[in-house]
Amino acid sequence: MKILMVCLGNICRSPMAQGVMERTIAEHALDWTVDSAGTNGYHDGEGPDPRAVREARRHGIDISRQRSRKIRQSDLEAFDLILAMDRQNLLNLHAMCHHPSLKSRIHLLMDYAYPDQQVQVPDPYYDDRFAEALQLIQEGCQGVIRAHHRT
Ligand code: 4NP
């Protein structure tokens, strides 16, 4: 399974989601892979926001070596599961789908914890709520494992 975490800038939420998912995958000894990308590309090539690095580190996760990149058309076919942090990310991803069948790979991350409730990971970039974002992300990642890891 190849998972892509997606937010707007790929410097706050989706890097934390990549780090949390990588650790969750390792805990379950799965051979899945995770990457992350942003829909706007404004921070292309930059490392994660220092506040995201700090929050992940508080949970024992090092995300400092990640680099921001903009989502590419080819990602839509290269990944099995494309997980959006909020509804705007989801809409942006849907708009990139030239074939309707691709949309089935795209979901809100939080649907895996709170199905059909349209729960989003709020953007912490301006309001500083990184701890809350990481908490939600952890719940979503646990849900992904529950849904796709058959034991
Ligand atoms: P993220 O947060 O989407 O969680 O990475 C943001 C970071 C930067 C910007 C927007 C959101 N920005 O527009 O600069």
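Cut-off values and rules
- Residues numbered from 1 in each chain as written.
- Predicted model: local features only at pLDDT ≥ 70, side-chain atom pairs only at ≥ 80, totals over all residues.
- Heavy atoms only, no water.
- Helix = DSSP H or I, 4+ residues; strand = E, 2+ residues; numbered from the N terminus.
- Rg over C-alpha atoms; globule rule 2.2 N^0.38 Å.
- Buried < 20%, exposed > 50% of the residue type's maximum accessible area, 1.4 Å probe, protein only.
- Phe/Tyr/Trp six-rings, centres within 6.5 Å; stacked < 30°, edge-to-face > 60°.
- Lys NZ or Arg CZ within 6 Å of the ring centre and 35° of its normal.
- Disulfide = S-S within 2.5 Å.
- Near = heavy atom within 4 Å.
- Polar contact = N/O pair within 3.5 Å; in protein donor to acceptor, adjacent residues only side chain to side chain.
- Nonpolar A, V, L, I, M, F, W, Y, C, P; charged D, E, K, R; others polar.
- Pairing = 2+ DSSP bridges.
- Right-handed = clockwise from strand over helix to strand, strands pointing away.
- Contact = heavy atoms within 4.5 Å.
- Salt bridge = Lys/Arg side-chain N within 4 Å of Asp/Glu carboxyl O.
- Expected span 1.5 Å × (residues − 1).
- Axes fitted to C-alpha atoms, helices over the stretch in contact; angles between N-to-C directions.

All right, on to the overall build of the protein chain then. If you tally the helices and strands in the protein chain, you get six helices and four strands. When the elements of the protein chain are put in sequence order from the N terminus, they spell out β-α-β-α-α-β-α-β-α-α. Its C-alpha radius of gyration of 14 Å places the protein chain within 12% of the 15 Å reference for a compact globule of 151 residues. Here the C-alpha coordinates of the protein chain stretch approximately 40 × 40 × 30 Å along the principal axes. The buried share of the protein chain, taken over its 151 residues, is 48%.

Before going further, it helps to examine the packing of aromatic side chains. Within the structure shown, the criterion is met by one aromatic pair. Considering the side-chain rings of Tyr125 and Tyr126, the 4.9 Å spacing of their centres and the 85 degrees angle between planes classify their relative orientation as edge-to-face. The residue whose ring lies beneath Lys2 is Phe79, and the NZ or CZ to ring-centre distance is 5.2 Å.

What follows is about the state of the cysteines. According to the stated counting rule, one finds zero disulfides in the structure shown. Cys7 takes part in no disulfide bond, and the closest cysteine sulfur, belonging to Cys12, lies 6.9 Å away.

In this section: the site of the ligand. The environment of the ligand is formed by Cys7, Leu8, Gly9, Asn10, Ile11, Cys12, Arg13, Asn40, Tyr42, His43, Asp123 and Tyr125. Leu8 places a polar main-chain atom, nitrogen or oxygen, 2.9 Å from an oxygen atom of the ligand. Taken together, the residues that form the shell around the ligand break down as six nonpolar, four polar and two charged.

Two elements, strand β1 (residues 2–7) and strand β2 (residues 33–38), share six bridges in a ladder whose sense is parallel. The residue of β2 that forms the bridge with Cys7 is Gly38. Crossover β1 to β2 through helix α1 (residues 13–27) is right-handed.

Okay, the side chain of Ser14 next. Secondary-structure assignment places Ser14 in helix α1. In contact with Ser14, not counting residues within four places along its chain, are Met5, Val6, Cys7, Ser36, Ala37 and Met85.

Evaluated as defined, the whole model comprises ten salt bridges. The salt bridge partner of Arg51 is Asp128, with a shortest N-O separation of 2.8 Å. Placement of the pair is Arg51 in helix α2 (residues 50–58) and Asp128 in the loop between α5 (124–127) and α6 (130–148), with a sequence separation of 77 residues. Classification of Arg51 by relative accessible area gives partly exposed; the value is 21%. For Arg58, the salt bridge is made with Glu55, and the minimal N-O distance between the two is 2.8 Å. Of the two residues, Arg58 and Glu55 are both situated in helix α2; the distance of three residues between them amounts to about one turn of the helix.

Moving on, we get to α6. Its 19 residues give α6 an end-to-end C-alpha distance of 27 Å, which sits within 8% of 27 Å, the value for a rise of 1.5 Å per residue. Residues of α6 that are buried make contact with β1, α1, α2, β3 (81–84) and α5.

Next up on the list: the sheet that holds strand β4 (residues 106–108). With parallel pairing, four strands are arranged side by side in an open sheet as β2-β1-β3-β4. Both outer strands of the open sheet, β2 and β4, are each paired with one neighbouring strand and no more. Ignoring strand direction, the axes of neighbouring strands in this sheet form an average angle of 25 degrees. Each of β1, β3 and β4 touches helix α4 (residues 87–96); the most contacted strand, β4, lies at about 170 degrees to it.

Everything listed here is a matter of geometry and, on its own, says nothing about what the molecule does.
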